[in-house]
Amino acid sequence: MEEKKTNDLGIEIKKVYLADHSIQHPEPGQFPFTRGIQEDMYRGKLWTMRQYAGFSTAEESNKRYKFLLEQGVTGLSVAFDLPTQIGYDSDHPISEGEVGKVGVAIDSIEDMEILLEGIDLEKVSTSMTINATAFILLALYVAVAKRKGADVSKLSGTIQNDILKEYAARGTYIYPPLPSMRIITDIMEWCSKEMPKWNTISISGYHIREAGSTAVQEAAFTLSNGKSYVKAALEKGININTLGKRLSFFFNAHNNLFEEVAKFRASRKIWANIMKELGATDPKAMMLRFHTQTGGSTLTQQQPLNNISRVTIQALAAVMGGTQSLHTNGYDEALGLPTQEAAQVALRTQQIIAFESGAADTADPLGGSYYVEQLTNEMEVEIKKLIEYIDQKGGSVKAIEEGYMQEQIAQSAYQYQRAIEEHEKVIVGVNQFLVQEKSNTPIFKIDDQVHKNQVEKLKKLRTKRDQKKVEDCLNAISNAATSSQNLMPLVIEAVENYCTLGEISDALRKIFGEHRQ
């Protein structure tokens, strides 16, 4: 008797799939958008090609952005260092050893001006992977755009701004959940009036998957978090049809091409129905728009050139799954920050898929595949079960506070690692097909001088600014935190007057406190 085969989700994979005439999906561009949010998909417009970049100083990152723009990227994607992510200036003791290491160090408006020097912000869409301090980085972006003479209402881009997944999977939070949700809804409210083209949140499953979740958990936890954000915005009085058009999502793409395509298709259908149930009436407000990044946790230090093949499969899954935006990882990212060569190869992978593979020629190219259609349905059932369970617990915030999501992710990560160690799951070059190798892959390292330079810049900044004005701005932010006043205008004014990211974060730490797991 043939042994039963299952995928990582425990779903049985049949030897062959036959037609199931009970499965019916409307055409691409029609509710519930299982087959894609546009009727012609990439025939009308290709996905936005992004390359996630940011390291060292604002000067060095600016050079990389200009290089990538010259190579054909159609949107910037900014990585920030850990101190910036958790609200500390580069000269804070806790920043020691981390300045400029996993992203660019941004302490003040001076850094942001250098980061964006020579880039037309009205023409380039900018994505910023930032959460706890997203409101400050958005304020800095707006302040610099105004100094450049740009029309703020024409700016397009995204801030990740998804704090719930930080508690569940990633850990770069500052404040407790409720005040963090208040900051997020302040951003949504302000942007709905002042920056209508800006996506105010990118609800992220990427880091949930990187922490070890399954594809079903990634989708379920992400959509459940999205539901919580929408409910919080509705309580603030924000129109769901306006809000829905500015929500975006951020998913991971792993190596099982068919599982990933089914995940994207099922997620679109589920989200459209969630938004409809919450009161959306405009079809565009029900569309799940998402950015995809290939799986960082799937990259291997062993035989790193194999990662080019992995990234290609993952990128193809994202495209066939209908992504709106895509970042492809460098083959050397299991070793360190991507070198310029690796970043170029990663971008070329997207361009080859777009212009040579034929994957962009028709909407939903795997639609109608017996396997993909049935797998989409099975994943939809499993994702909905998890969302319903979280709803019974009182929603995402409650599930996170009780540790439910964290526990489920940890269990899945353990089971996956155990399967690799016991050779139940093959990872080429890691537990099978090994070779004796000496890596010649160059590793991109950040000079420790970056920290010293940032500290020196801060010292100079603090001697030349109007300290009274700084104190007034910071006090205004603290006072507003105790009321229902929207924080965004005050934070923009603060950064324009050279308040630093750490100082603004501290002004709110005094009122909101810090979250402890």
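Novice: Quick question: what am I supposed to make of the overall build of the chain here?
Specialist: The secondary structure content of the chain amounts to 19 helices and nine strands. Whereas a compact globule of 517 residues would reach a radius of gyration of roughly 24 Å, the chain reaches 23 Å, a difference of no more than 12%. Considering only C-alpha atoms, the chain reaches an extent of 80 × 60 × 45 Å along its principal axes. Looking at the chain residue by residue over its 517 residues, the buried ones come to 59%. Taking the contacts inside the chain whose residues are at least 6 apart along the sequence as the reference set, 79% of them involve residues at least 24 apart. When the accessible surface of the chain is totalled, it reaches about 21,500 Å², and 49% of it is carbon and sulfur. Counting 57 positive and 66 negative side-chain charges, the chain places the centres of these two groups 3 Å from one another.

Novice: Explanation requested: helix α12 (residues 340-355) in the structure shown.
Specialist: Since one α-helical turn is 3.6 residues long, residues separated by three or four positions face the same way. Over its 16 residues, α12 runs 22 Å from end to end, which matches the ideal 22 Å to within 8%, given 1.5 Å per residue. Taken together, the buried positions of α12 are A342, A343, A346, L347, T349, Q350, Q351, I353 and A354. Packing partners of the buried residues in α12 comprise β1 (48-53), α1 (58-71), α11 (306-320) and β9 (325-327).

Novice: Looking at this structure, I do not really get the environment of A346. What am I missing?
Specialist: Along the chain, A346 falls in helix α12. Note on A346: relative accessible area 3%, which makes it buried. C-alpha of A346 to C-alpha of N329: the two residues are 17 residues apart in sequence and 6.0 Å apart in space. The contact partners of A346, leaving out residues within four places of it in the chain, are Q51, T328, N329 and G330.

Novice: Would you mind showing me how to read the packing of helix α8 (residues 215-235) against helix α15 (residues 404-421) here?
Specialist: Think of two packed helices as two axes; the pair is described by the angle between the axes and how far apart they sit. Contact geometry for α8 and α15: axes closest at 11 Å, N-to-C directions at 165°. Relative to α15, the element α8 lies roughly antiparallel. Note that α8 runs across α15; the crossing there is left-handed. Along the contact surface, α8 presents Q217, F221 and N225, while α15 presents Y404, M405, Q408, I409 and S412.

Novice: Honestly, the pattern of salt bridges in this entry has me stumped. Any pointers?
Specialist: When the charged atoms of two side chains with opposite charge come close together, those side chains can pair. With the rule as written, the count across this model stands at 37 salt bridges. The partner of D186 in a salt bridge is R182, with the nearest N and O atoms 3.0 Å apart. Taken as a pair, D186 and R182 lie in helix α6 (residues 177-194) at a separation of four residues, close to a single helical turn. For D186, a relative accessible area of 1% gives the class buried. Residue K385 pairs with E382 through a salt bridge whose shortest N-O separation is 3.4 Å.

Novice: Whenever I open this one, unusual backbone geometry confuses me. Can you help?
Specialist: Most peptide bonds adopt trans geometry, and most residues besides glycine take a negative phi value. The peptide bond linking F31 to P32 adopts the cis configuration, its omega dihedral lying at 5°. Following the sequence through the fold, P32 ends up in the segment before β1.

Novice: Before we go on, may I ask you to explain the packing of aromatic side chains in this structure?
Specialist: Two aromatic rings are characterised by how far apart their centres lie and by the angle between their planes. On inspection of all chains with the given rule, the structure shows 15 aromatic pairs. Look at F264 and F290: their rings are 5.0 Å apart centre to centre, the planes differ by 20°, and that puts the pair in the stacked class. Linking F264 in helix α10 (residues 257-277) with F290 in strand β8 (residues 290-294), this pair joins segments that are 26 residues apart in sequence. One exposure class covers both F264 and F290, and it is buried. Counting every residue linked through ring pairs, the aromatic cluster contains F249, F251, F264, W271 and F290.

Novice: Looking at this structure, how should I read the nonpolar core?
Specialist: Nonpolar side chains tend toward joint burial in soluble globular proteins. One finds M128, F135, I383 and I504 to be the most contacted residues of the largest nonpolar core, which totals 145 residues. It is helix α4 (residues 134-147) that contributes the most residues to this core, twelve residues altogether. In this structure, F55, V99, A105 and I446 belong to the second largest nonpolar core, which totals six residues.

Novice: How should the sheet that holds β9 be read in this particular structure?
Specialist: Sheet strands pair via backbone hydrogen bonds, and the direction of the pair is either parallel or antiparallel. Read across the open sheet, the nine strands follow the order β5-β4-β3-β2-β1-β9-β8-β7-β6; overall the sheet is parallel. If you trace the sheet from one side to the other, it starts and ends with β5 (198-199) and β6 (201-204), each paired once. The sheet contact formed by β1 and β9 spans three bridges and is parallel. Residue R50 lies in a different strand from β9, and its bridge partner there is H327.

Novice: What am I meant to see in the state of the cysteines here?
Specialist: When the sulfur atoms of two cysteines share a covalent bond, that bond is a disulfide. If you walk through the whole model with that rule in mind, you get zero disulfides. You can see C191 has no disulfide; the closest cysteine sulfur is in C473, sitting 20 Å from it.

Criteria and thresholds
- Counting restarts for each chain, with residues numbered from 1 along the sequence as it is written.
- With the structure being a predicted model, the display of local features is reserved for residues of pLDDT at least 70 and the display and counting of side-chain atom pairs for 80 or more, all residues being used for whole-chain, interface and lining totals.
- Side-chain figures throughout are based on the complete set of non-hydrogen atoms in the structure, without hydrogens or water.
- Secondary structure follows DSSP: runs of H or I at least 4 residues long count as helices, runs of E at least 2 residues long count as strands, and numbering of each begins at the N terminus.
- To get the radius of gyration, use the C-alpha atoms; to get the globule rule, take the number of residues to the power 0.38 and multiply by 2.2 Å.
- Whether a residue is buried, partly exposed or exposed follows from its accessible area with a 1.4 Å probe, protein chains only, as a fraction of its type maximum: under 20%, in between, or over 50%, in that order.
- Any two residues whose heavy atoms approach within 4.5 Å are treated as being in contact.
- With residues, only the protein chains shown are counted as cover, and all accessible areas are computed by Shrake-Rupley using a 1.4 Å probe.
- Positive charge is attributed to Lys and Arg, negative charge to Asp and Glu, and no charge count is given to His or to the chain ends.
- By convention, the point assigned to a charge is CZ for Arg, NZ for Lys, CD for Glu and CG for Asp.
- Multiplying 1.5 Å by the helix residue count minus one yields the expected span of that helix.
- Interaxial angles span 0 to 180 degrees and are taken between N-to-C directions of axes, which are lines fitted to C-alpha atoms, for helices over the stretch in contact.
- Any angle from 65 to 115 degrees is called roughly perpendicular, while one under 35 is roughly parallel, one over 145 is roughly antiparallel, and all others are oblique.
- By convention the crossing between two helices is left-handed if the near helix lies anticlockwise of the far one by an angle smaller than a right angle, and right-handed if it lies clockwise.
- Salt bridge criterion: a side-chain nitrogen from Lys or Arg within 4 Å of a carboxyl oxygen from Asp or Glu.
- Two rings belonging to Phe, Tyr or Trp (six-membered ring only in the last case) form a pair when the distance between their centres is within 6.5 Å. Interplanar angles under 30 degrees mark stacking, angles over 60 mark edge-to-face geometry, and anything in between is tilted.
- Only buried residues count toward a nonpolar core, which is a set of Ala, Val, Leu, Ile, Met, Phe, Trp, Tyr and Cys residues joined through side-chain atoms within 4.5 Å.
- For two strands to count as paired, DSSP must find a minimum of two bridges between them.
- Defined by distance alone, a disulfide is two cysteine sulfur atoms within 2.5 Å.

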